[in-house]
Each structure stands twice: as C-alpha cells, then as structure tokens.
Amino acid sequence: MLMYRANFFSNLISTLGWGLFQVLSIFLFTNKVQSVYGWSKNELIILVIVYSIFIGIFHTFFSRNFQRFSQLIDSGQLDMLLLKPLDSQFLVSFWVVNYANLVRVILAFILLLYIMIAWMKMPLTVLDVIGFLVITFLGNCLLYTIWFTVCTLMIWFPRMHNLVDLMYDVSSIARFPQETVKHAAISLFLFVFPLTLIVTTPTKVLVHKAFTGDVFGMIICGIVLVFVSRLFWKFSLRYYTSASG
Amino acid sequence: MKRFLAIFLLHFQHIPQHRAQSFVWFIQLFINPLFMMLLWFGALKTSGGTTAHLTFEYITSYYFLLVFVSSVTMAHPEYGVAEQDINAGRLTKYLLKPFSYYWFKFNEEIHYRIIQGVFAIVILFLILTFTNLQIELASDALTWLLIVAMVINAFFISYTFKMILGLTAFWYTEVHGIFQLADMSSIVLGGYLMPIHLLPPWMYTIATFTPMPYIVYYPLIAAQGTIEHLDIIKIIGIQLVWLFVLGALYKTMWKKGINSFTAVGQ
C-alpha cells in the first residue's frame, strides 16, 4: 500500500468520490421528492449510506479479485492457480485486498451513525447494530456468489472481460428500494430479486421495517446461490482450455 | 480524404469482432437510466402524478432518450490513451503514421458510437412496441435537422474532452481518480442523473458553465421537442465555442506532453 502511494491515493479519491456522489445524488433526488413507495426521504438517505458501507466492504475484498480473474482467464494464467495445493475458488477470490475502500466504509459508518442518532434522532440499539452487521455479511456473501457465477462465464467467453465492468453497474441496482423493481415488471423483479435484497434488508433492520420474510428470503437465496456458484465453478473448469484453447 | 476513408473502413471491420463486448457496454449504459426512471415513477405514483411538475411521459421520454443520446455522444477514449498508449508506450506507433493521433483515435472510437446507437434504437423500439410506455418527441423536420448537428457537436465535445483527460497521463501515472471524478461530474452536471433543471439553482448555474450539459442534456431536451429553434441554434453556437476551447487545450497539451514523452523497447 505504501509502496504504491499514488495508486492508493488514486483509489481513495475514486472510492470516496463515488461514495459522496451516491449520497449527493439521493439528496438531489429527495430535494424534489418526499417519499417513494413508502420509503421516506430519511429512509432513502439511510439506504444509500448503507449501500456505500456495503459496497465498500465488497470492493475491499472482492471486486479487484474479479478484475484479476478476467485477466487470469484471458491470458491463461489460471493454470498456475489450478496447480496449487489450495482451493482454486479461494485463490481467485481472495488474492488482493483493496485497502482504500476501507476508508470509505469507516467514513460511511460514521456518517450513518451521525445521521441516525444526531440528525434524525432515530432509536438505535446494540441489537440493531448486530442484526445490521450479520445481514450485511450475508448480503456480501450473496453479492459475491452473483459476481462469481457471472465471472465464471468467462471460462467459455474469455474475451468478455467487460462482464466485470457490467457487474459494477448491476450491483448499483442494490441502492434502489426493493419496491422500485417490484412495481415495475414481474420479469425484471424475478431477475434482479437477490440484488434487491442485499442492501434493502439491512436498511430495513436499522429502521425497524424488516419482516422475517425479508431476512429468510436473503438467507435462503444466499445458501442456494453459494451452492449453485460452487457447482457452476467446478463444472466450468472442465471446459477451461487455457490460453492455447 | 481517401486515406481517412480507408482507415475508417479498416476500423469498421473490427466491429463484428467486438459486437458482444459492445452489447455489454450498451447494457451498462442502460441500467442506471432504467432504475432512475423507475424511481421517478415511484415518486410520481406516491404523489399522485404531480411531483416537480413532471409527468410519466416526460420521465419515460427523458430516460429513454438519455440512453440513445449518451450511447451516441459519450466517447470513452481516455483509458486507451492513458493506459495503453502513454503508460505502456504504444503511442510510438501512432507517431510515425501519416495521420494526427486525434483523428486516428477518432476512427477507433466512432464505430463504437455507431454500433451502440444501433443497439439503442433496436432496444428502445422493442420496449416501446411491447410495453404501454409512451415518449414525447419533437415533430418537425427542421428540429431534427438541428438535433443532428447538435449530436455531432456533442460527440466531438465529449471526444475532445476525454482525449484531454487521457493526455494527463503524460504527467501523472495514476489517472484513474481524475477519470472517475470527471465521470461523476458529467453524471450530475450533464443530466445523466436527472434533468438539470431539477438541480438546485446554484448547481444548475454551475452546470451551464461547463461542457457537460452540451453533451447529453441539451440534445436530449431538443429531441423531446421542449425548446424552440432559436434556442437550439444558440446552443449549437455555445457547443462550437466549447469545441474551439477544448480543441485549443488539446493542441497545447499534446505539444507539451509529446516533448516529455519517452518510450522504451519496440
């Protein structure tokens, strides 16, 4: 990190900028709008800050690894990892940590506490915070499996490395309230359902709007997708032909 | 001109090769406007259709036209210029060619705009055919003629601006932060997030003094038929001023940057 200071600060500018941008964008939106599908202005602001924490954690641990994943497949370097005496999924998923995003997570967490306690005077118990952290962890697992499943497709389509870029935009769907998609079209809702759970559910826990169904939906989705992504990875490796394929 | 056409057609051959990647980039462009549109729908439904004097038709046409206009006008040569050409030293191969670097990169970029414009037309046509969504469009031929001029200018403003951003790699090795800040500014000030007349007045004023709204917002509202011919001509005039300013800045940066450029190998 200190060896590549310019890179670290460039990442820091980028991640903090996007975090601020997302908060600003919802402030601009709620400047004209008081509520959307039962979500008040304050709840929408909390939602977007939770998204910033959530996606900050995800980018810290995973997104850089997925960018590397596409390069590994495209250049045939995955061979090297497959020969190591460790699980290949673990090796492609946890190689790099992007520390700059941790700053975003910490700042967003402080902002969340400030807004909820000092500004909105919302009651916040220790149990809420624990519930929030557990659900955020589950949400990250869920998002990881979605990214991993999509990136595994690159085994068959190695030149589609911009699927990783697409996933950044797909993940940003999570910052919208679940009801936004639910009221639009059932086909769209079914397609993006897991994504709509991952940030909406921890936010509902914080604002005391979570139903048992939301939490269970997320747990079930998470467990199913973890198994599906694992099986899909094992299956795809049979078709991996390296750079010469 | 003959040489230019030859290079143009040569690059055009690469398009079918990258069609799947191009489609993924197009989908990327489509996601945010789609969800912003759905969010506005929610606001309109909650308020009984009267939020900020907006209607469902206005919001639908704004975000659908946004997809089309931005897919044609928003150029992205900056990463290639900075990472591949300047940082990795591939710029040397362009320096020996009988074309300016600006026009060579233009030939590489224009095809992506064409193919993404085609994707946008097809997808929007399908959505509007198979759903009950309706959009507002300008109805007279003169307006559309002026819109074509606006879109061409908008593309060149975006392209020159991004080339300038790419050239910053002559002086800084880490330019991602700069690129991302420019992207965020253009999303807010260019009308990509929401129509800029809905921004706070101070922010709207700032936006009008930047090239951002001239790339997407003004061509878009002209296509919606919400501005008069005279106003469109004024906007085209301002676009030309921006092109002149950005062109001069590009030339200055190129001259200074190329003097400090070094590459090894090859």
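Please read all numbers here as calculations on a predicted model, not as lab measurements. (Residues numbered from 1 in each chain as written. Chains lettered and ligands numbered in written order. Predicted model: local features only at pLDDT ≥ 70, side-chain atom pairs only at ≥ 80, totals over all residues. Heavy atoms only, no water.)

One broad trend across soluble globular proteins is that nonpolar side chains are buried collectively. In terms of nonpolar packing, the biggest core is built from 166 residues, with F29(A), F66(A), L112(A), W40(B), I59(B), Y63(B) and M194(B) touching the most fellow members. When residues in this core are grouped by element, the largest group, 17 residues, is from helix α2 (residues 41–75) of chain A. Setting aside residues no more than four positions away along its own chain, F66(A) makes contact with F58(A), Y144(A), W147(A), F148(A), C151(A) and V164(A). (Core = buried A, V, L, I, M, F, W, Y, C linked by side-chain atoms within 4.5 Å. Buried < 20%, exposed > 50% of the residue type's maximum accessible area, 1.4 Å probe, protein only. Helix = DSSP H or I, 4+ residues; strand = E, 2+ residues; numbered from the N terminus. Contact = heavy atoms within 4.5 Å.)

Residue and element names in this part refer to chain B. For the coordinates displayed, the defined rule picks out six salt bridges over all chains. Taking the shortest distance from any N to any O, the salt bridge between K162 and E78 comes out at 3.8 Å. Taken together, the residues K162 in helix α7 (residues 141–167) and E78 in helix α4 (residues 78–87) connect sequence positions 84 residues apart. Given a relative accessible area of 1%, E78 falls into the buried group. Shared partners join several salt bridges into a network, and the residues in it are D85, K105 and E108. (Salt bridge = Lys/Arg side-chain N within 4 Å of Asp/Glu carboxyl O.)

This part takes up the interface of chain B and chain A. Where interface size is given, it is often the accessible area lost as the parts come together that is meant. Residue-level contacts link 38 residues of chain B with 37 residues of chain A. Regarding the contact of chain B and chain A, the summed buried area is about 3300 Å², with carbon and sulfur atoms giving 72% of it. The largest per-residue losses of area from chain B upon contact with chain A belong to F35(B), L39(B) and M184(B), which jointly make up 19% of the total buried on that side. Taken together, the connections running from chain B to chain A amount to zero salt bridges. Put simply, chain B and chain A have five residue pairs in polar contact (both at pLDDT 80 or more) between them. Take the side of chain B that touches chain A: its biggest share by element is 19 residues, from helix α2 (residues 19–47) of chain B. A per-class count over the side of chain B that touches chain A returns 24 nonpolar, eleven polar and three charged. (Buried area = accessible area lost by both parts, 1.4 Å probe. Polar contact = N/O pair within 3.5 Å; in protein donor to acceptor, adjacent residues only side chain to side chain. Nonpolar A, V, L, I, M, F, W, Y, C, P; charged D, E, K, R; others polar.)

We now examine unusual backbone geometry. Residues and elements named next belong to chain A. You will see that Y37, though not glycine, has its phi angle at about 45°, which is positive. A relative accessible area of 15% places Y37 in the buried class. Residues other than glycine seldom take positive phi values, yet K121 does so here, at roughly 55°. Relative to the elements of secondary structure, K121 occurs in the loop between α5 (100–119) and α6 (126–152). Accessibility expressed as a relative area gives 65% for K121, which makes it exposed.

The next subject is a nonpolar patch on the surface. Residue and element names in this part refer to chain B. Residues L5, L9, F12, I114, V118, V122, F125, L126 and F130 make up a contiguous nonpolar surface patch of roughly 870 Å² in combined accessible area. When contributions to the nonpolar patch are tallied by element, the ones reaching two or more residues are α1 (2–12) and α6 (101–130). Top element by residues in the nonpolar patch is α6. It accounts for six residues. By secondary structure assignment, the location of L126 is in helix α6. Using a relative accessible area of 39% as the deciding quantity, one classes L126 as partly exposed. (Patch = residues over 30% accessible without salt bridge, like charges linked within 9 Å, V, L, I, M, F, W, Y side chains within 5 Å. Areas by Shrake-Rupley, 256 points an atom, 1.4 Å probe, with all protein chains shown as cover.)

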